[in-house]
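Structural overview for review
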Amino acid sequence: MTTVRVRLTLIYSGLFLLTSVVLMVAVSLLLRQALRTRIERISGTPVAPMAPVRGVPVDRMAPLPALVDDVIDYQWGVTTLTIGILALVSVVVGWLVAGRILRPVHRITATARRLSVSNLHERIALTGPKDELRELADTFDAMLDRLERSVEGQRRFIANASHELRTPLAVQRAAIEIGLPEDVGEIRDKLLFHNHRTENLIDALLVLAQAEHGLDNRKPVALDQVVRSVLAEGGSDDVTVTARTEPFVVHGDPVLLNRLVTNLVDNAIRYNRSGGTVGITLSHGVLTVRNTGPEVPEERFGDLFEPFRRLHTTREQGAGLGLSIVASIAKAHGADVRASPNPGGGLELVVAFEGYRGRGPDRDGRGPDRDGRGPDRDERRQVG
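Residues numbered from 1 in each chain as written. Predicted model: local features only at pLDDT ≥ 70, side-chain atom pairs only at ≥ 80, totals over all residues. Heavy atoms only, no water.

With that settled, consider the overall build of the chain. Scanning the chain from N- to C-terminus turns up 7 helices and 8 strands. Looking at the chain residue by residue over its 384 residues, the buried ones come to 35%. Across the chain, every contact between residues at least 6 apart in sequence was considered, and the portion connecting residues at least 24 apart equals 69%. Of the roughly 23,800 Å² of accessible surface on the chain, 58% is carried by carbon and sulfur atoms. (Helix = DSSP H or I, 4+ residues; strand = E, 2+ residues; numbered from the N terminus. Buried < 20%, exposed > 50% of the residue type's maximum accessible area, 1.4 Å probe, protein only. Contact = heavy atoms within 4.5 Å. Areas by Shrake-Rupley, 256 points an atom, 1.4 Å probe, with all protein chains shown as cover.)

The following block contains the structure:
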């Protein structure tokens, strides 16, 4: 696929060649006609003898009419050589001119690629004459103004919603725990359960909104330590978790990365079977979580990362936001997420961070580290 600069260069050179060829043909034809007309006028009168040409006898010199073709052929040769040289020059000049004309477009493209939610305040601010490119840059800057105002409004909404929604739920939970008597324990437990579930849903929605708006600040986060911390905090009574990790640092948000790992582990444990297993591998920037469990139909794989989609019914019914949050957090960190079925049931979820997408672990979960000795840690424990 040719670029605009190449196409402009070809257009400039093509127009130059077309104009030159037309000019050459017209001049040569006119010159031939003029020479023949002049010779015909003087052919009936005595012609002075021609001066001898050095090295050529007078009797062997071409008659005067034959000089017309010689002159025309010479002119064609010289003109063709000149056009060839100028064609090369036109290609070079056209390439430079096209690059200069497209320089504002490159500036607009570079700014668009660099922009994210964290630097929407930047503008192209193109200077120069008020031409079409200047108008395009000003239109893009105006669009950025509207986008920045929209993002700021959404951020304020998230902050207000976080406060306005959590506070009444906290008051409601306190009223249930303190105000209800002990003899309505079943009703009390059910109300507390739904209250806790609503809080989790609100937290998940806020995290999802934050992840979809991108990262404001990034800092180095040891992802292997995040994995070990998540495994130490939660689990299940009848699921065995194995973990193999090697040191790996991600430049991102530590809270969101903790939530990504937590959701992956919780999903692998929740959608599992009694006595099942969960295998976690962090190798060469690729986080892999495998679990046993029910089989997932291939036609449902497109629903895995969609909000409020539940593929199975479990004892702990979630809101259907776990993997959609994982996908949003991964996207905010420049990572890819993919899912594939495990033989016999369950899923393999892979999060490949930027720069490591082509290097993943083997099917057994092990992948060579930088010195070829394998992962640095191998942990196995019964979670619960």
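A few words now on helix α5 (residues 223–233). For α5, the full list of buried residues reads Leu-223, Asp-224, Val-226, Val-227, Val-230 and Leu-231. Projected down its long axis, α5 carries its buried residues within an arc of 160°, all on one side. Relative to its buried face, α5 has exposed residues pointing more than 90 degrees away, namely Ala-232 and Glu-233. (Arc of directions from axis to C-beta.)

With that settled, consider the packing of helix α6 (residues 254–270) against helix α7 (residues 322–332). Between α6 and α7, whose axes approach to 9 Å, the crossing angle comes to 145°. Like other packed secondary-structure pairs, α6 and α7 cross with a definite hand, here left-handed. Along the contact surface, α6 presents Leu-256, Leu-257, Arg-259, Leu-260, Asn-263, Leu-264 and Asn-267, while α7 presents Gly-322, Leu-323, Ile-325, Val-326, Ile-329 and Ala-330. (Axes fitted to C-alpha atoms, helices over the stretch in contact; angles between N-to-C directions. Left-handed = near helix turned anticlockwise from the far one by under 90°.)

Another point: the nonpolar core. Leu-260, Val-261, Leu-264, Ile-280 and Leu-287 are the most contacted members of the largest nonpolar core, which totals 41 residues. Considering each element in turn, this core owes the most residues, 8 residues, to α6. Ignoring sequence-local partners within four residues, the contact set of Leu-260 consists of Leu-287, Val-326, Ile-329, Ala-330 and Val-351. Within the second largest apolar cluster, 9 residues are counted, among which are Leu-120, Ile-124, Ala-137 and Phe-140. (Core = buried A, V, L, I, M, F, W, Y, C linked by side-chain atoms within 4.5 Å.)

Turning our attention to the side chain of Glu-246. Tracing the chain through its elements places Glu-246 in the loop between β2 (239–245) and β3 (249–252). Only 2.5 Å separates the side chain of Glu-246 from the backbone nitrogen of His-284, close enough to count as a polar contact. (Polar contact = N/O pair within 3.5 Å; in protein donor to acceptor, adjacent residues only side chain to side chain.)

Attention now moves to the environment of Arg-32. The residue Arg-32 is located in helix α1 (residues 4–42) in this model. On a C-alpha basis, the gap between Arg-32 and Ile-72 in space is 6.5 Å, while along the polypeptide they are 40 residues apart.

As a further point, take the side chain of Arg-134. Along the polypeptide, Arg-134 turns up in helix α3 (residues 132–179). Within the structure, Arg-134 has its side chain in polar contact with the backbone oxygen of Leu-126 (distance 3.1 Å). Those residues in contact with Arg-134 that sit more than four places away from it in its chain are Leu-126, Thr-127, Gly-128 and Pro-129.

On inspection of all chains with the given rule, the structure shows 1 aromatic pair. Note on Phe-248 and Phe-353: the rings are 5.9 Å apart at their centroids and 50° apart in plane angle, and the pair reads as tilted. Here the residue Phe-248 occupies a position in the loop between β2 and β3, and Phe-353 occupies one in the loop between β7 (347–352) and β8 (379–383), the gap between them amounting to 105 residues. For the residue pair Phe-248 and Phe-353, the accessibility class agrees, reading buried in each case. (Phe/Tyr/Trp six-rings, centres within 6.5 Å; stacked < 30°, edge-to-face > 60°.)

When the pLDDT values of the chain are averaged, the result is 76; 77% of them are 70 or greater. Low pLDDT (under 50) marks residues 45–50, which in the prediction has 5 contacts with non-local residues, meaning those over four places away or in another chain. Note on residues 357–384: pLDDT is under 50 here. Beyond four places in sequence and across chains, it has 73 contacts. (pLDDT = per-residue confidence, 0-100.)

In contact at an axis separation of 9 Å, α5 and α6 are set at 50° when each is read in the N-to-C sense. With respect to α6, the element α5 is oriented oblique. Both α5 and α6 take part in a crossing whose hand is right-handed. Between α5 and α6, the contacting residues are Leu-223, Val-226, Val-227, Val-230 and Leu-231 on the first element and Leu-257, Asn-258, Val-261, Thr-262 and Val-265 on the second. Class assignment of the residues belonging to the contact of α5 with α6 gives a composition of 8 nonpolar, 2 polar and no charged. (Parallel < 35°, antiparallel > 145°, perpendicular 65-115°, else oblique. Nonpolar A, V, L, I, M, F, W, Y, C, P; charged D, E, K, R; others polar.)

Further remarks concern the pattern of salt bridges. Oppositely charged side chains can pair when the atoms bearing their charge come close. Evaluated as defined, the whole model comprises 6 salt bridges. Ionic pairing is found between Lys-130 and Asp-138, a salt bridge with its closest N-O pair at 3.6 Å. According to the relative accessible area criterion, Lys-130 is exposed, its value standing at 69%. Judged by relative accessible area, which is 29%, Asp-138 ranks as partly exposed. Among the charged side chains, a network of salt bridges with common partners joins Arg-123, Asp-145 and Glu-148. (Salt bridge = Lys/Arg side-chain N within 4 Å of Asp/Glu carboxyl O.)

Looking now at the environment of Leu-147. Tracing the sequence through the fold places Leu-147 in helix α3. Along the sequence, Leu-147 and His-121 sit 26 residues apart, while their C-alpha atoms lie 9.8 Å from each other.

With that settled, the discussion passes to α7. The buried count for α7 comes to 8 of 11 residues, which makes it a mostly enclosed element. The set of residues buried in α7 consists of Leu-323, Ser-324, Ile-325, Val-326, Ser-328, Ile-329, Ala-330 and Ala-332. Positioned one or two residues after α7, Gly-334 has a phi angle of 70°, which is positive.

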